[in-house]
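Residue strings, one per chain:
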Amino acid sequence: MWIIIANIGWAVSAALAAWMVYDWFQTDSSYAEETLTSSREGEIEAVQEKHKV
Amino acid sequence: MAKATTAGPAPQRVSLLRVLGPAHVWALGVGIVLVGEYTGWNFAADKGGALAALIICWVVGLLYTSVAMIDSEVTSTVAAAGGQYAQAKHIVGPLMAFNVALYLVFAYTMLEVSNAILVADTIKSYAGEGFGDWHYRGVIATVIVVLAALNYRGVLMTLNVNFVITAFAYLAIIVLFFSVQPWSQGTVLKLGEMVTPDNALPYGWIGVIAAFHWGIWYYLGIEGTTQAAEEVRSPSRALPYGTMAGMITLLIGASLTWYVCASLLPWQYLGFTYFPLLDAGKVTGSPFLETLMFTATILAGIASANGCINDAARAFFSLGRDRYLPTWFSAVHPKYRTPYRSIVFLVPIALAFAFIANLGQAITFSILSGVLHYTFMSVNIIMFRNKWPLGTIRRGYTHPFHPIPAVVLFILCVVTFFAIFLGYGAQLTAMVIFYIIMSLWFHFYRYQYVRRGDQFTMPWPKPKGY
Amino acid sequence: MAKYTPPEQSKEMQWVDVIFVVVAIFAALWLPLQAGWAGAARSIEKIENPTWEALKQTPAQVEQWVKLGIADAAAAHDIIQNKFDYTIDWLQLVIMTVVIVGYFVFLFKASDQEYREVIDEKFNGK
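Numbering of residues begins from 1 in every chain and follows the order in which that chain's sequence is written. A letter from A marks each chain and a number from 1 marks each ligand, given out in the order of writing. Under the rules for a predicted model, residues below a pLDDT of 70 receive no local features and side-chain atom pairs below 80 are neither given nor counted, while totals for whole chains, interfaces and linings still include all residues. Where side-chain values are given, they derive from all heavy atoms of the structure, hydrogens and water being excluded.

Taken together, the contact between chain A and chain B spans 35 residues of the former and 62 residues of the latter. Summing both sides of the interface, chain A and chain B together bury roughly 4100 Å²; the carbon and sulfur share of this comes to 63%. Two parts placed together each lose some accessible area under a 1.4 Å probe, and adding up what both lose gives the buried area. Broken down residue by residue, the surface that chain A buries against chain B is led by A:Trp2, A:Trp10 and A:Glu41, which jointly contribute 20%. Across the pair A:Glu33 and B:Arg341 runs a salt bridge, and its minimum N-O distance is 2.9 Å. Here a helix means four or more residues in a row that DSSP labels H or I, a strand means two or more in a row labelled E, and each is numbered from the N terminus. Counting residues per element, the ones that place at least two in the side of chain A that touches chain B are helix H1 (2-30), helix H2 (33-36) and helix H3 (43-48) of chain A. Broken down by element, the side of chain A that touches chain B gets its largest block of residues, 16 residues, from H1(A). Contact criterion: two residues are considered in contact whenever any of their non-hydrogen atoms come within 4.5 Å of each other. A side-chain nitrogen of Lys or Arg and a carboxyl oxygen of Asp or Glu constitute a salt bridge if their distance falls within 4 Å.

If you want it as structure tokens, here you go:
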């Protein structure tokens, strides 16, 4: 049983790896690099949460 | 000035998604750590005997309680992905932050590798004839790639899955504990005959010290809860709550695990096996318990690997965001809102090590990175309190008895360095040299690409003394 | 103090940096393994024709060994007699201490130097 599971595992891994790479290139080509890397640290803390001492 | 303060009607930004609650924080922390109960802690018995394993279970528990308290205070104040990395950046300085991020990436990637190997080993021990290297590696690849895809797809689902399998693995320990009639010694459990005055501390007290090395494995990774800081809905509440609850869960789990395993397995075997709980289930003679512990061992390994992928990717992502590494890594997936490039980038590295490295070495690297990290934390909290004394900034949680936890933590770290030295000295020195080389590289070369003032993103006043 | 503007790094050099990090990581794991530094300082103390008594196992322990699939004392011998050597090699301890302490001293000093620049630019440089 485990041998079959291991073989299925290889197939699933290969499929998911391919999907990730596909989705990755898809994403990279449909968005600007500035948009993708626009996350900033501490932004949400500064904007949404009021900072009181 | 930092861009953070000019936000508002700024162009649309893609950031990580704030969807997690305290239960997810618990699942992330305990999920990573619980595998330590299923494998690893028992090597403490190897280094010092069964009694040593119990002593360090509690003493190292104290170390981690200090870690959790300190961490909760700093993290509930510095809520950013990368956790201790962002703390180091705001409190100690950029080079320290770079090192902390490396500790994190290493500790978690190597832990992920160990988990994948553990799952494959467990299955192999039951698979029988015909289960060759190809199949063994198939299991490793499945664990790493499937979990990476889960992480890629979104953090909420990732940690929901972790919550379920972690809870299962934890309940399995409790079921095992109550099935062996812990209230009546002699029926199933024979602690008095397994651990005798003769063999309790076979190496004497030096063995207890040496056992600190593996004692770390009882709890290693609980500090990973902070990596979720940018994704929890209310960091200042959920992080201390989830971390402390996780620590209590683990202290109970570790004590039960020791009690059952030490009462069922001869200490030399305990120090030798890779699956103490599974073996304990096996010697009860109950097929149900054996199957339960088999399943739970695998699930604990999966939960841990899952959490590790999450944390390592967050730390790597933060490095890119501050230009400590190329900014390319700091991309967030516009749809899934995950640090997708970091997740994918770490997959081949994890696979390579899981296929070729040995388990003991991967674990030791992970432990060592962890201890370097805790040493930093003990100094960090003292600097934090000095630069921003209580009352100058809003803290989500303030830990009691300062500076006692910091001092306790520091002393225990020094002891642990010595413990690793006993038996693994050369490897320890080699790894620290690696960190030195990386530090020199960063300080004298890479740092030129980093924007100075932008690194400080918290809306705090100027630190005292600058 | 003037705001520091970092140089733009070319795409190729970004990759060089990434490759450097990856190579360093692999080296750190491989060198100790290759040089034989990895793993524990331990050895098997051999007992000829071992019996359970000679291996100091109680009857209850023997029962568990058998349940674990290790049927006789000879099979358990290598597990039981594999002992650590905790004699302290002082030279190695001194080297290790110097390396770790030196590392942390450099880490905190260099960090502090960089940190002052950050604080200067963020709070004093306006």
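Moving on, there is more to tell.
Right, let's talk about the environment of B:Ile174 for a bit. Secondary-structure assignment places B:Ile174 in helix H7 (residues 155-179). With 83 residues separating them along the chain, B:Ile174 and B:Thr257 place their C-alpha atoms 8.8 Å apart.

Time to look at empty space enclosed by the protein. Throughout, the protein atoms alone are placed on a 1 Å grid, and a set of points is a cavity if a 1.4 Å probe fits but cannot get out or a pocket if it is open with protein on both sides within 12 Å along at least five of seven lines; lining residues have an atom within 4 Å of a point. Grid points are joined across faces, edges and corners, and a volume is the space filled by probe spheres set on the points. Under the criterion given, the structure shown has 6 cavities of 30 Å³ or more. By volume, the largest cavity is sized at about 70 Å³. What lines the largest cavity is simply B:Val105, B:Phe106, B:Thr109, B:Met110, B:Phe316, B:Phe345, B:Leu346, B:Ile349, B:Phe353, C:Val21 and C:Ile25. Under the convention adopted here, Pro, Cys and the residues Ala, Val, Leu, Ile, Met, Phe, Trp and Tyr are nonpolar, Asp, Glu, Lys and Arg are charged, and Gly plus all remaining residues are polar. Of the residues belonging to the lining of the largest cavity, the class tally is 10 nonpolar, 1 polar and no charged. There is about 60 Å³ of room inside the second largest cavity. As for the second largest cavity, its lining consists of B:Glu112, B:Ile144, B:Ala148, B:Ile309, B:Ala312, B:Ala313, B:Ser342, B:Ile343, B:Leu346, B:Val347 and B:Ala350.

At the interface, 72 residues of chain C touch 95 residues of chain B. Taking both partners together, chain C and chain B bury about 7600 Å²; carbon and sulfur atoms supply 72% of that area. Linking chain C to chain B there are 5 salt bridges. The closest approach of N and O atoms between B:Asp46 and C:Arg42, which form a salt bridge, is 2.9 Å. Counting of polar contacts relies on pairs of N or O atoms within 3.5 Å, with two restrictions inside protein: one atom must be capable of donating a hydrogen and the other of accepting it, and residues adjacent in sequence are counted only when both atoms are side-chain atoms. The tally of links between chain C and chain B comes to 22 residue pairs in polar contact (both at pLDDT 80 or more). Contributions of two or more residues to the side of chain C that touches chain B are made by helix H1 (11-34), helix H2 (59-67), helix H3 (73-80), strand E2 (82-84) and helix H4 (90-124) of chain C. Considering each element in turn, the side of chain C that touches chain B owes the most residues, 25 residues, to H4(C).

Bringing the side chain of A:Thr37 into the picture now. Position of A:Thr37 relative to the elements: it lies in the loop between H2 and H3. Partly exposed residues are those whose accessible area sits between 20% and 50% of the maximum for their type, while under 20% is buried and over 50% is exposed, using a 1.4 Å probe and protein chains only. Relative accessible area serves as the criterion here: at 14%, A:Thr37 is assigned to the buried category. For A:Thr37, the side chain forms a polar contact with the main-chain oxygen of A:Glu33, separated by 2.9 Å. Look past the residues within four positions of A:Thr37 in its chain and what remains in contact with it is B:Thr327, B:Ser330, B:Ala331 and B:Arg341.

Note on pairing: side chains with opposite charge can pair once their charged atoms come close. Scanning the model with the defined rule gives 18 salt bridges over all chains in all. Between B:Lys282 and B:Asp279 there is a salt bridge, with the nearest N and O atoms lying 3.7 Å from each other. A residue pair is termed a helical-turn pair when its members lie 3 or 4 positions apart in one helix, as B:Lys282 and B:Asp279 do in helix H12 (residues 276-283) at 3 residues. Classification of B:Lys282 as partly exposed rests on a relative accessible area of 29%. Here C:Asp17 ties to B:Arg446 by a salt bridge, and the two come within 2.5 Å at their closest N and O atoms. Taken together, the residues C:Asp17 in helix H1 and B:Arg446 in the segment after helix H16 (404-444) connect one chain to another. The pair formed by C:Asp17 and B:Arg446 is uniform in burial state, with each residue classed as buried. Linked by salt bridges that have partners in common, A:Glu41, B:Lys89, B:Glu230, B:Arg321 and B:Asp322 make up one network.

The next subject is the confidence of the model for chain A. Residues and elements named next belong to chain A. When the pLDDT values of chain A are averaged, the result is 82; 77% of them are 70 or greater. At the level of individual helices and strands, chain A shows its lowest average pLDDT in H3, which scores 45, and its highest in H1, which scores 95. The pLDDT score gives, residue by residue, the confidence of the prediction method on a 0 to 100 scale. Here residues 44-53 is modelled with pLDDT under 50, and outside its nearest four sequence neighbours on either side it reaches 19 contacts, counting other chains as well.

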